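# Chain and residue survey
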Amino acid sequence: MPNIKSAKKELRKSVKRQKANNNVKANVRKLVKKNLKAITAKEAKVKEEIRKTIQAIDKMVKKGLVKKNTASRQKSKLQKKVNALK
């Protein structure tokens, strides 16, 4: 536990940011799982859902939550599965 006033405030800020970042990551994981289910069910709206997921992944990269190559790998994995549907 920090003793200095500024350190206490910094701890509060970092905890708040951590919660927000974890929520963003959890939402992206939910979107990915939802898309994988839609792909296995061969739903018609898969392409629209994939687009939303890719946008969310790009936003994570922009915020610095995920590295660029990790995001590219995730997007590529999803896109390959969508392309295999055709």
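Everything here concerns the structure above.
Presented here is an overview of the structure given in this document. (Residues numbered from 1 in each chain as written. Predicted model: local features only at pLDDT ≥ 70, side-chain atom pairs only at ≥ 80, totals over all residues. Heavy atoms only, no water.)

This part covers the layout of surface pockets. The probe, sized like a water molecule, is rolled over the atoms to show the empty space still left. In this structure, the largest pocket occupies an estimated 250 Å³ of space. If you trace the largest pocket, you find 13 residues lining it, with Val 28, Arg 29, Val 32, Ile 57 and Gln 74 closest to the centre. Counting residues per element, the ones that place at least two in the lining of the largest pocket are α1 (5–41), α2 (46–63) and α3 (68–85). Here the lining of the largest pocket takes 5 residues from α1, the largest share from any one element. Of the residues that constitute the lining of the largest pocket, the class distribution is 8 nonpolar, 1 polar and 4 charged. (1 Å grid on protein atoms, 1.4 Å probe; cavity = no way out; pocket = protein on both sides within 12 Å on 5 of 7 lines; lining within 4 Å. Points joined across faces, edges and corners; volume = space filled by probe spheres on them. Helix = DSSP H or I, 4+ residues; strand = E, 2+ residues; numbered from the N terminus. Nonpolar A, V, L, I, M, F, W, Y, C, P; charged D, E, K, R; others polar.)

A word on the pattern of salt bridges. Under the definition given, this model contains 4 salt bridges. Lys 13 is the partner of Glu 10 in a salt bridge, and the nearest nitrogen-oxygen pair spans 3.5 Å. One end of the pair is Glu 10 and the other is Lys 13, both in helix α1 and 3 residues apart, which spans about a single turn. The salt bridge partner of Asp 58 is Lys 75, with a shortest N-O separation of 2.7 Å. One end of the pair, Asp 58, is in helix α2; the other, Lys 75, is in helix α3, and 17 residues separate them in sequence. Judged by its relative accessible area of 33%, Asp 58 falls in the partly exposed class. Each member of the salt-bridge network shares a partner with another, and the members are Glu 10, Lys 13 and Arg 17. (Salt bridge = Lys/Arg side-chain N within 4 Å of Asp/Glu carboxyl O. Buried < 20%, exposed > 50% of the residue type's maximum accessible area, 1.4 Å probe, protein only.)

Turning our attention to a nonpolar patch on the surface. On the surface, a nonpolar cluster with roughly 320 Å² of combined accessible area is contributed by Met 1, Leu 11 and Val 15. Along the polypeptide, Met 1 turns up in the segment before α1. (Patch = residues over 30% accessible without salt bridge, like charges linked within 9 Å, V, L, I, M, F, W, Y side chains within 5 Å. Areas by Shrake-Rupley, 256 points an atom, 1.4 Å probe, with all protein chains shown as cover.)

Here α1 crosses α3 at 15 degrees, and the two axes come no closer than 10 Å. Viewed along their axes, α1 and α3 adopt a mutual orientation that is roughly parallel. Considering the relative orientation of α1 and α3, their crossing is left-handed. Packed against α1, whose contacting residues are Val 32, Asn 35, Leu 36 and Ile 39, the element α3 presents Leu 78, Lys 81, Val 82 and Leu 85 at the interface. Each residue belonging to the contact of α1 with α3 can be placed in one class, and the counts come to 6 nonpolar, 1 polar and 1 charged. (Axes fitted to C-alpha atoms, helices over the stretch in contact; angles between N-to-C directions. Parallel < 35°, antiparallel > 145°, perpendicular 65-115°, else oblique. Left-handed = near helix turned anticlockwise from the far one by under 90°. Contact = heavy atoms within 4.5 Å.)

Where α1 meets α2, the axes come as close as 10 Å, and the angle between the chain directions of the two elements is 155 degrees. Compared by their axis directions, α1 and α2 come out roughly antiparallel. Note that α1 runs across α2; the crossing there is left-handed. Every residue of α2 that contacts α1 at Val 24, Lys 25, Val 28, Leu 31, Val 32, Lys 34, Asn 35, Ala 38 and Ile 39 is listed here: Val 46, Glu 49, Ile 50, Thr 53, Ala 56, Ile 57, Met 60 and Lys 63.

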